Amino acid sequence: MLFNRSTLLAALASLALAGAALAAPVSYALDATASVVGFETDFGPDRITGQMPVTRADLSLDFAHVARSTVAVTLDASAAVASFPFAAQAMRGPKVLDTAQYPQIGFQSSSVRTEGDGARVDGQVTIRGATRPMVLHATIWRQQGSVATDLSHLVIRLTGAVNRSDFGATGWADMVGDEVRLDIVARIMQVP
Amino acid sequence: MAGWANTPDSFGRTSRLLHWAMALGVLGMLGLGTWVHWMQPNLSNLWLYGLHKTIGLSLLALVLMRLAWHRISPPPAPLGAPQGWEVLAARLAHRTIYVLLLAIPLSGWVASSATGLDVMVFDTWVVPRITPVSELWEKRGFAVHGVLTKLLAALLVVHVAAALRRARAGDGTLRRMIRGRA
């Protein structure tokens, strides 16, 4: 494992020791090449899995006041890949994501709060031009070998699900499941 | 011994091969098409769509070859009284079967093109899209495909029954399509 698991609460505790200087929102930049937006949905008894590149991510994390954190992410749906070619083509086509018209998927957080050893991120997701509420569950890891106060490089895992019918992405509803589960692993680094 | 070409009173090998290859293909496709229509798609049976399209477009190629061949080497005239009702009914049935053998794969191609997914044959080549990507075209195309297929199945029952009836009467029609001569 590259990273030791830490948690927001542990980070918060360690930050208390680090002093007030860090107790403010900190901007992070995404390492897009090392980040993955994974998704999966049901296909009969099987699953279709795939990935989408991240176009842009604006992250501002405040470990002392988690509620002040904000997350905004834009995905390049038009470059989505799936576990078999027809699935990617179907997904990008007019009956599902219609990426010719709507090449991007966007998420903007509206509230962030601690939840267990992670955080709950409520926000609005825009898919196929339709904006709907969405909840993501976040867990944060610190880089392996780093000291507890070193939050310069982090890994965030975000999980959640959407029903594609909520966005009019209803193609092949008789074959492919409605729920699309997301599993995002984002590697981020502090912006100096 | 009949050769490859048709003669005024016999079917050559080419016509017979085309007939029986297509008979096998069409019967197989009626089964495969029905199966594909009703099955729950998953990763292990997804290839059956590709197989259906591959066989369907191959059958379209074969019927075009058959029509071209009949221009080059006309088939023998039907056995029996030229103006008898059986000959007229057979001519109508044969022509309808030919129309369906063209229209069924074409409607499948139209509907598949309209889905926006690549139509692949032999798991290798993508055939050109012949309609716009449209749910209306897709829905109508598949509806037409289904109706025409049922009509073909019904006509094939009549075709086989008529061939067996003639064979029982001993007029040589079926024998001529098997061995070339009546």
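Preceding this paragraph is the structure being described.
Along each chain, numbering runs from 1 in the same order as the chain's sequence is written. In the order they appear in the text, chains get letters beginning with A and ligands get numbers beginning with 1. Totals for whole chains, interfaces and linings use every residue, but because this is a predicted model, local features are given only for residues with pLDDT of at least 70 and side-chain atom pairs only at 80 or more, for both listing and counting. Excluding hydrogens and water, the side-chain values take into account all heavy atoms of the structure.

Peer 1: What should I look at first to understand the overall build of chain A in this one?
Peer 2: Starting at the N terminus, helices and strands are each numbered in turn, a helix being any DSSP run of H or I of at least four residues and a strand any DSSP run of E of at least two. The secondary structure content of chain A amounts to two helices and twelve strands. The rule is simple: take the accessible area with a 1.4 Å probe, protein chains only, and divide by the maximum for that residue type; under 20% is buried, over 50% is exposed, in between is partly exposed. Counting the 192 residues in chain A, one finds 44% classified as buried. Contact between two residues is taken to exist if any of their heavy atoms lie within 4.5 Å; hydrogens are not considered. At a minimum sequence separation of 6, the contacts of chain A that also span at least 24 residues come to 60%. For chain A, the computed accessible surface area is about 9200 Å², with 56% contributed by carbon and sulfur atoms. Residue-level accessible areas treat just the shown protein chains as cover; the underlying method is Shrake-Rupley with a 1.4 Å probe.

Peer 1: How should helix α3 (residues 85-115) of chain B be read in this particular structure?
Peer 2: Every α-helix winds through 3.6 residues per turn, so residues three or four apart in the chain are directed the same way. Expected helix span is given by 1.5 Å per residue-to-residue step, counting one fewer step than there are residues. With 31 residues, α3 of chain B extends 44 Å from end C-alpha to end C-alpha; this agrees with the ideal 45 Å at 1.5 Å per step. Directly beyond the C-terminal end of α3 of chain B, a positive phi value near 90 degrees is found at Gly 116 of chain B.

Peer 1: I'm lost on the interface of chain A and chain B in this one. Help?
Peer 2: When the parts come together, some accessible area is lost, and that loss is often what is quoted as the size of the interface. Contacts between the two partners involve 14 residues from chain A and, on the opposite side, 16 residues from chain B. What counts as buried area is the accessible surface, traced by a 1.4 Å probe, that two parts surrender upon association, with contributions from both included. A combined buried area of about 1200 Å² lies between chain A and chain B, and 69% of that area is made up of carbon and sulfur atoms. Three residues, Phe 86, Gln 89 and Lys 95 of chain A, lead the burial of chain A against chain B; their summed loss comes to 38% of the area buried on that side. A side-chain nitrogen of Lys or Arg and a carboxyl oxygen of Asp or Glu constitute a salt bridge if their distance falls within 4 Å. Scanning the region where chain A abuts chain B turns up one salt bridge. Notably, a salt bridge pairs Glu 138 of chain B with Lys 95 of chain A, separated by 2.8 Å at the nearest N-O pair. Definition of a polar contact: a pair of N or O atoms within 3.5 Å, with one able to donate and the other able to accept a hydrogen when the atoms are protein atoms, and with sequence-neighbouring residues admitted only if both atoms are side-chain atoms. The interface formed by chain A and chain B holds three residue pairs in polar contact (both at pLDDT 80 or more) in total. With three residues, helix α2 (residues 85-92) of chain A is the single largest residue contributor to the side of chain A that touches chain B. Partitioning the side of chain A that touches chain B into residue classes produces eight nonpolar, two polar and four charged. Residue polarity is assigned by list, with Asp, Glu, Lys and Arg as charged and Ala, Val, Leu, Ile, Met, Phe, Trp, Tyr, Cys and Pro as nonpolar; anything else, Gly included, falls into the polar class.

Peer 1: Sorry, what's going on with the packing of aromatic side chains here?
Peer 2: Aromatic rings considered in pairs are described by the distance between their centres and by the relative angle of their planes. Residue and element names in this part refer to chain B. Two aromatic rings, drawn from Phe, Tyr or Trp (for Trp, its six-membered ring), form a pair once their centres lie within 6.5 Å of each other, and the interplanar angle then sorts them: stacked below 30 degrees, edge-to-face above 60, tilted otherwise. What the rule picks out here adds up to two aromatic pairs over all chains. Seen in terms of ring centroids, Phe 122 and Trp 125 are 6.3 Å apart; in terms of plane orientation they differ by 80 degrees. Their pairing is edge-to-face. Of the two residues, Phe 122 and Trp 125, both sit in the exposed class. The ring of Trp 4 carries the charged tip of Arg 13 above its face, separated from the ring centre by 5.0 Å. Whether a charge sits over a ring comes down to the Lys NZ or Arg CZ being within 6 Å of the ring centre and within 35 degrees of the ring normal.

Peer 1: Help me understand the pattern of salt bridges in this model?
Peer 2: Once the charged atoms of two side chains with opposite charge are near each other, the side chains can pair. According to the stated counting rule, one finds 13 salt bridges over all chains in the structure shown. Notably, a salt bridge pairs Asp 62 of chain A with Arg 68 of chain A, separated by 3.8 Å at the nearest N-O pair.

Peer 1: What am I meant to see in the environment of Leu 48 of chain B here?
Peer 2: Residues and elements named next belong to chain B. Within the element layout of this structure, Leu 48 appears in helix α2 (residues 47-72). Placed twelve residues apart in sequence, Leu 48 and Val 36 show a C-alpha to C-alpha distance of 6.9 Å. Leaving out residues up to four positions away in the same chain, Leu 48 has contacts with Leu 32, Trp 35, Val 36 and Met 39.

Peer 1: Sorry, what's going on with the nonpolar core here?
Peer 2: Generally speaking, soluble globular proteins have nonpolar side chains that are buried together. In these notes, a set of buried Ala, Val, Leu, Ile, Met, Phe, Trp, Tyr and Cys residues joined through side-chain atoms within 4.5 Å is what counts as a nonpolar core. Within the largest apolar cluster, 79 residues are counted, with the highest numbers of intra-cluster contacts made by Tyr 28, Met 52 and Ile 188 of chain A. Ranked by residues supplied to this core, first place goes to α3 of chain B with seven residues.

Peer 1: Whenever I open this one, the packing of helix α1 (residues 13-38) of chain B against helix α4 (residues 135-169) of chain B confuses me. Can you help?
Peer 2: What describes two packed helices is the angle between their axes and the distance between those same axes. Residue and element names in this part refer to chain B. Their axes nearest at 11 Å, the elements α1 and α4 cross at an angle of 130 degrees. When the axis of α1 is compared with that of α4, the two are oblique. Where α1 crosses over α4, the two elements pack in a sense that is left-handed. Contacts between α1 and α4 involve His 19, Val 26 and Leu 30 from the first element and Thr 149, Leu 152, Ala 153, Leu 156 and His 159 from the second. Here the residues of the contact of α1 with α4 sort into five nonpolar, three polar and no charged. Angles shown run from 0 to 180 degrees and are taken between the N-to-C directions of axes, each axis being a line fitted to C-alpha atoms and, for helices, limited to the stretch in contact. Angle categories: roughly parallel below 35 degrees, roughly antiparallel above 145, roughly perpendicular from 65 to 115, and oblique for all the rest. For any helix crossing, the convention is left-handed if the near helix is rotated counterclockwise from the far helix by under a right angle, and right-handed if that rotation is clockwise.

Peer 1: I tried to follow the pairing of strand β11 (residues 153-163) of chain A on my own but got confused; where do I start?
Peer 2: On a regular strand, one side chain projects to one face of the sheet and the next to the other, so that they alternate. All names here are of chain A. Here strand β10 (residues 130-143) pairs with β11 via six bridges, running antiparallel. Following the sheet pairing, Arg 142 is matched in β11 by Leu 154. Being paired, for any two strands, means DSSP has found at least two bridges between them. Examined bridge by bridge, β11 and strand β12 (residues 179-190) share eleven bridges and lie antiparallel to one another. Its bridge partner lying in β12, Leu 158 is registered against Ile 184.

Peer 1: When you look at α2 of chain B in this model, what are you seeing that I'm missing?
Peer 2: All names here are of chain B. Over its 26 residues, α2 runs 37 Å from end to end, which matches the ideal 38 Å to within 8%, given 1.5 Å per residue. Leu 48, Tyr 49, His 52, Thr 54, Gly 56, Leu 57, Leu 59, Leu 60, Val 63, Arg 66, Trp 69 and His 70 are the residues of α2 that are buried. Buried positions along α2 lie against α1, α3, β1 (119-121), β2 (125-127) and α4.

Peer 1: I tried to follow the packing of α1 of chain B against α2 of chain B on my own but got confused; where do I start?
Peer 2: All names here are of chain B. Where α1 contacts α2, the two axes come as close as 10 Å, and the packing angle between them is 150 degrees. Taken together, α1 and α2 sit at an angle that is classed as roughly antiparallel. The crossing of α1 and α2 is left-handed. Residues belonging to the contact of α1 with α2 are distributed by class as follows: 16 nonpolar, eight polar and one charged.

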